[in-house]
Structure formats: C-alpha cells, structure tokens
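# Descriptive analysis of the structure
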Amino acid sequence: MFESLGDRLQEVLHKAKGYGKITEENIDEMMREIRLSLLEADVNYKVVKEFTTRVKEKALGEEVKRSIKPGDLFVKIVKDELTELLGGEAAPLNMEGNPATLMLVGLQGSGKTTTIGKLANYLRKKYKKKPLLVAGDIYRPAAIDQLKQIGKQLSIEVYEEGITNPVSLCQRAYNYAKENGFDYVLIDTAGRLQIDEQLMEELMEVEEAIKPQETLLVLDSMMGQDAIHGFNEKLNLTGVILTKLDGDTRGGVALSVRHLTNLPIKFVGTSEKLDGLSSFDPERMAGRILDMGDIISLVEQAEEAIDEKAATKAAKRLQQGKFDLEDFLTSMKQIKKLGPLENLIKLIPGAKKMGLSNIQIPEKQLAHVEAIILSMTKEERRDPRIIKASRKTRIAKGSGRSVQEV
C-alpha cells in the first residue's frame, strides 16, 4: 500500500544521509520533496502542513552530537514524526465486558462483514476464547448469508433472526451470548452507500442499548478521505480498522485518519483470507514505510504459524547433514502457513535496497514441488540418490508434472 510513498521518502532520506551538516537551505529542499510525496499519496493537506512544520522545527532545533551524523539524525526525526502521525502508540482493544461487545460500523463495500469474521478469528486465536458473530445487517440478506458462510468456514457460531428490529435483535444476541458462555459478541451492523440520517439513528440506538466496549469504524483504505467523515460525529467510536491494505492504494487515509478523527487505527486488513488481519503498531508501520523492516511482526507471525518442535528438529537434522526431502516437505508446509512469501520478505530491514521487495514467488510453483515430493515413496524421500529413470517417470505421472521437473 505504501510502496510509492515509501520509495519517495527513502530517496529523500538517502540524500539527507549524504549531507555533511543540516542547514535551513537543505532542510527546505528535503521538506519540499517530502511535502510533495505526502500530497501525492492523498494525505490531507492540513496533516502534511503540520507534519513538515514539526519535522523542520525539530531538525533545526536539534543539536547534532559529534557521534551522530546529521543525516542519520534527520532520518530519526522523520521516523519519529511519521510514527506520531500514525498514532504514536499501539492501541489495544478494551476486552473488559462479560461478554465483551464489539460493534463494527462503516459504509457498504468497506469490507465490514469479512472483517468481523477476521476479527472473531483473531480474538479466538490470540486469547483462546469463544466469540459469537451477530448478523445485524438486516437490510441485506446477502450480508446475513455471507456471515453465516464465514462462521461455517471458521466454525464460529452466528446469531441471526433474519429481518427484524436490529436493536432488539442485538439485545437478544447479547443475552444469548451471556447465557451460553460466549466471551465476545461481535455485531455486524448495516451499511449504506452513503451516510444518511436513518442509518445513523439506528446505529445510535443499537449503541445505546448494547453499550459496546468497542465501536470500530471499518474504512476501505482505497476510498479516500471522504470516507472518514460522518460516523465520528454521531457515534462513540473507539478506533478504526483499515481494510484492503494489500491493495494498490496510495496510503493517504492511513496517514490522515488519526489526525482527522482523533481515533487510533487498531487493526489493518492485510489479505482477503480470514486470517488476514493484523493489530496495528504505528512504530512498526513507520519502519516498514522507510524500509527499516519489521522484524517483530515477522517473529510474531512465525511464532503463531510454526510448530516450534518440528522446526527445532528440522534445524538439528540440517546441522547434522541429515536433512532429507521429508524434512524439506515439513518445513515447506510450515512456511506456507505464514502466507505469501513476498509479504514476509518485505518485513526484512533493507529489503528494497537488496532488491528483494520485487521478488515474486508463485504459490503454484511451491504446490508443484509439494506434489512431486508427495508422489515419492518414504524411501525415495529419505535417499533421493535411488531415484533413477524409471522412478522419475513414475513420480512424474503421479504428480502430473514433467520428468524434467522431477
């Protein structure tokens, strides 16, 4: 999402590192380029003005210690201010209710229904507790069906009553969750193509009746700044979930939302899959934009997806020179759980400078390798030297691949 903005900012900061000292003249030149980069990324002009003013003031007011290069200091100032612009600190969810209630609001098409499924999946995985999904978008039968389908995929119960009064529906869903030992109630509310009075009245009534711990605004990061206004004036919003962060968008909403709504970004949608939701950390995101990497996210993803015992065993076998195709298959299956490899590579510090950020790893290719190995006998996987012409032909037929690939 932030690719073109990141490239532009990295160019400016690379130039800054070459300066022997920071002067008002070279700072003005850098700020002009940063200002243009942010405006082109569709960041609100007031936000851009405040950001560039603060960076300039800090850069000119900062006394450069002998041990620090002036360019490095400027990079640090830009990263700190970018972190501040994105919200400063990560804002955790308030999960204190029994059950805790979360209500998702937003315009139609922002990805609310899919996001609520992702959020239920995230909470269940992270806290090992039981969520209930509530089909509160009664005006779109397709939304109810979609939520039921998502619930089925995730094996998470969905409470629905079809077309009925949304306020009493949500109250009954809450009571049902309390009686049946659910830890979280996640309410999918109705959206419109644009904000109207009837929608807001209804959402206010639901909020008043349920008093959720969290009322989160779901924003499509490709919609532009107009999507931000409206909900914040009438509802007690506690945060924002940005969807479609993996899309080809300029990133202006993410950089403007905190300033325009004074709400923290709590989650970002990183893929269309039902595990494609990540908690948002401003400092880590600033590091990614400036190609400083995000090793902590990489480690967290690995901890969540990889079986530590299996990984340790494979590492030991590799050290002993005993790593065979069976170990390779196990490792490959674990890596696939981490999601697209090109997304992981981008989390490595300096990935762009090393030319790694444009690497494309076709998932089909990995599937072909897996099919070939699965077509081998255990004996062949453990000692590939025995695979001669006739065995290669058999494996090729079994995997549907060519003998050359085998």
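Look up: the structure comes first, before these words.
Residues numbered from 1 in each chain as written. Predicted model: local features only at pLDDT ≥ 70, side-chain atom pairs only at ≥ 80, totals over all residues. Heavy atoms only, no water.

## Observations regarding the side chain of Glu207
Note the threshold: Numbering of helices and strands runs from the N terminus, with a helix taken as a DSSP run of H or I at least four residues long and a strand as a DSSP run of E at least two residues long. We call a residue buried when its accessible area falls under 20% of the maximum for its residue type, exposed when it is over 50%, and partly exposed in between, using a 1.4 Å probe and counting protein chains only. Charge assignment: positive for Lys and Arg, negative for Asp and Glu; neither His nor the chain ends contribute. Whenever Lys or Arg places a side-chain nitrogen within 4 Å of a carboxyl oxygen from Asp or Glu, that contact is recorded as a salt bridge. N or O atoms within 3.5 Å of each other form a polar contact, as long as, within protein, one can give a hydrogen and the other can take it, and as long as residues adjacent in sequence are counted only when both atoms are side-chain atoms. A contact between two residues is defined here by any heavy atoms of the two lying within 4.5 Å.
Considering the arrangement of structural elements, one finds Glu207 in helix H8 (residues 197-210). This buried residue, Glu207, is left without a salt bridge; Lys211 holds the nearest opposite charge, at 9.4 Å. A distance of 3.0 Å separates polar atoms of two side chains, one belonging to Glu207 and the other to Thr215. Beyond its immediate chain neighbours, meaning those up to four positions away, Glu207 contacts Met103, Pro212, Thr215, Leu235 and Asn236.

## Concerning the packing of helix H14 (residues 325-337) against helix H16 (residues 363-374)
In plain terms, the rule: The axes are straight lines fitted to the C-alpha atoms, using for helices just the contacting stretch, and the angles between their N-to-C directions are given from 0 to 180°. Crossings are sorted by hand: turned counterclockwise from the far helix by less than a right angle, the near helix makes the crossing left-handed, and turned clockwise it makes it right-handed. Following the grouping adopted for this structure description, the nonpolar residues are Ala, Val, Leu, Ile, Met, Phe, Trp, Tyr, Cys and Pro, the charged ones are Asp, Glu, Lys and Arg, and the polar ones are all others, Gly among them.
Close contact between H14 and H16 brings their axes to 11 Å; oriented N to C, the two are set at 145°. Considering how the two elements wind past one another, H14 and H16 form a crossing that is left-handed. Where H14 approaches H16, its residues Leu325, Phe328, Leu329, Met332, Lys333 and Lys336 are matched on the opposing element by Leu366, Val369, Glu370, Ile373 and Leu374. Across the contact of H14 with H16, the residue classes tally to eight nonpolar, no polar and three charged.

## Some words on the packing of aromatic side chains
Spelled out, the test is: Here is the rule: rings of Phe, Tyr and Trp (six-membered ring for Trp) pair when centre to centre is within 6.5 Å. Planes less than 30 degrees apart are stacked, more than 60 are edge-to-face, and the remainder are tilted. Our definition puts a charge over a ring when NZ of Lys or CZ of Arg is within 6 Å of the ring centre and also within 35 degrees of the ring normal.
Summed over all chains, the structure comprises four aromatic pairs. Summarising the aromatic geometry, the rings of Tyr159 and Tyr176 are spaced 5.4 Å apart at their centres and angled 45° between planes, so their arrangement reads as tilted. Residue Tyr159 is found in strand E3 (residues 158-159), and its partner Tyr176 is found in helix H7 (residues 166-179); the two are separated by 17 residues along the sequence. We classify Tyr159 as buried; its relative accessible area is 14%. Grouping aromatic residues by their ring pairs yields a cluster made of Tyr159, Tyr176 and Phe182. Positioned above the aromatic ring of Tyr127 is the side chain of Lys126, whose terminal nitrogen or guanidinium carbon lies 6.0 Å from the ring centre. Stacked on the ring of Phe182, the Lys or Arg Lys130 has its end atom at 4.4 Å from the ring centre.

## What about the pairing of strand E1 (residues 100-105)?
Counted only if it meets this: In this analysis, strands are considered paired if DSSP registers two or more bridges between them.
When you tally the buried positions in E1, you get six out of six residues, the bulk of the element. Here E1 shows two buried faces, one formed by Ala100, Leu102 and Leu104 and the other by Thr101, Met103 and Val105. Relative to strand E4 (residues 184-188), E1 is paired through five bridges, and the arrangement is parallel. Considered in E4, the bridge of Met103 is made with Ile187.

## Brief notes about the sheet that holds strand E6 (residues 239-243)
Pairing between sheet strands relies on hydrogen bonds along the backbone, with the strands arranged either parallel or antiparallel. Ordered by their spatial adjacency, eight strands build an open sheet running E3-E2-E4-E1-E5-E6-E7-E8, and the pairing between neighbours is mixed. Because the sheet does not close on itself, it has two edges, and the strands there are E3 and strand E8 (277-279). With respect to the sheet, helix H5 (residues 112-127) is in contact with E1, strand E2 (131-135), E4, strand E5 (214-220), E6, strand E7 (265-269) and E8, its orientation differing from that of E4 by roughly 170°. Along the sheet, H7 contacts E1, E2, E3 and E4; its crossing angle with E2, the most-contacted strand, is approximately 160°.

## Some thoughts on a nonpolar patch on the surface
Which entries qualify depends on this criterion: Within this analysis, patches are made of residues with over 30% relative accessible area and no salt bridge. Like charges are joined at 9 Å or less; nonpolar side chains (Val, Leu, Ile, Met, Phe, Trp, Tyr) at 5 Å or less. Note that accessible areas follow from Shrake-Rupley with a 1.4 Å probe, and for residues the cover is restricted to the protein chains shown.
A cluster of nonpolar side chains, namely Leu318, Phe323, Phe328 and Val369, defines an oily patch on the protein surface of about 320 Å² accessible area. On the secondary structure map, Val369 appears in helix H16. Assessed through its relative accessible area of 32%, Val369 is described here as partly exposed.

## A closer look at the nonpolar core
Our working rule: For our purposes a nonpolar core is just a set of buried Ala, Val, Leu, Ile, Met, Phe, Trp, Tyr and Cys residues, chained together by side-chain atoms within 4.5 Å.
Ile34, Phe74, Leu82, Phe231 and Leu242 are the most contacted members of the largest nonpolar core, which has 65 residues in total. Broken down by element, the residue count for this core peaks at seven residues, all from helix H4 (residues 70-85). Ignoring anything within four residues of it in the chain, the contact list for Leu82 reads Leu9, Phe51, Leu255, Ala286, Ile289 and Leu290. One finds Leu133, Leu154, Phe267 and Leu277 within the second-largest nonpolar core, a separate group that totals 25 residues.

## A short note on unusual backbone geometry
Asn98 connects to Pro99 through a cis peptide bond whose omega is 0°. Note that Pro99 resides in the loop between H4 and E1. Located in the positive-phi region is Lys128, a residue other than glycine, with phi close to 55°. On the secondary structure map, Lys128 appears in the loop between H5 and E2. The backbone phi angle of Lys211 is positive, close to 50°, even though this residue is not glycine. Among the secondary structure elements, Lys211 is positioned in the loop between H8 and E5. Exposure remark for Lys211: the relative accessible area of 53% places this residue in the exposed category.

## A word on the pattern of salt bridges
For the structure on display, the rule yields 20 salt bridges. Between Glu283 and Lys79 there is a salt bridge whose closest N-O contact spans 3.8 Å. Highlighted residues: Glu283 in helix H11 (residues 282-289) and Lys79 in helix H4, separated in sequence by 204 residues. Between Arg317 and Asp327 there is a salt bridge, with its nearest N and O atoms 2.6 Å apart. Highlighted residues: Arg317 in helix H13 (residues 308-319) and Asp327 in helix H14, separated in sequence by ten residues. By relative accessible area, which is 12% here, Asp327 ends up buried. Salt bridges here are not isolated pairs; linked through shared partners, they connect Glu50, Arg54, Lys58 and Glu81.

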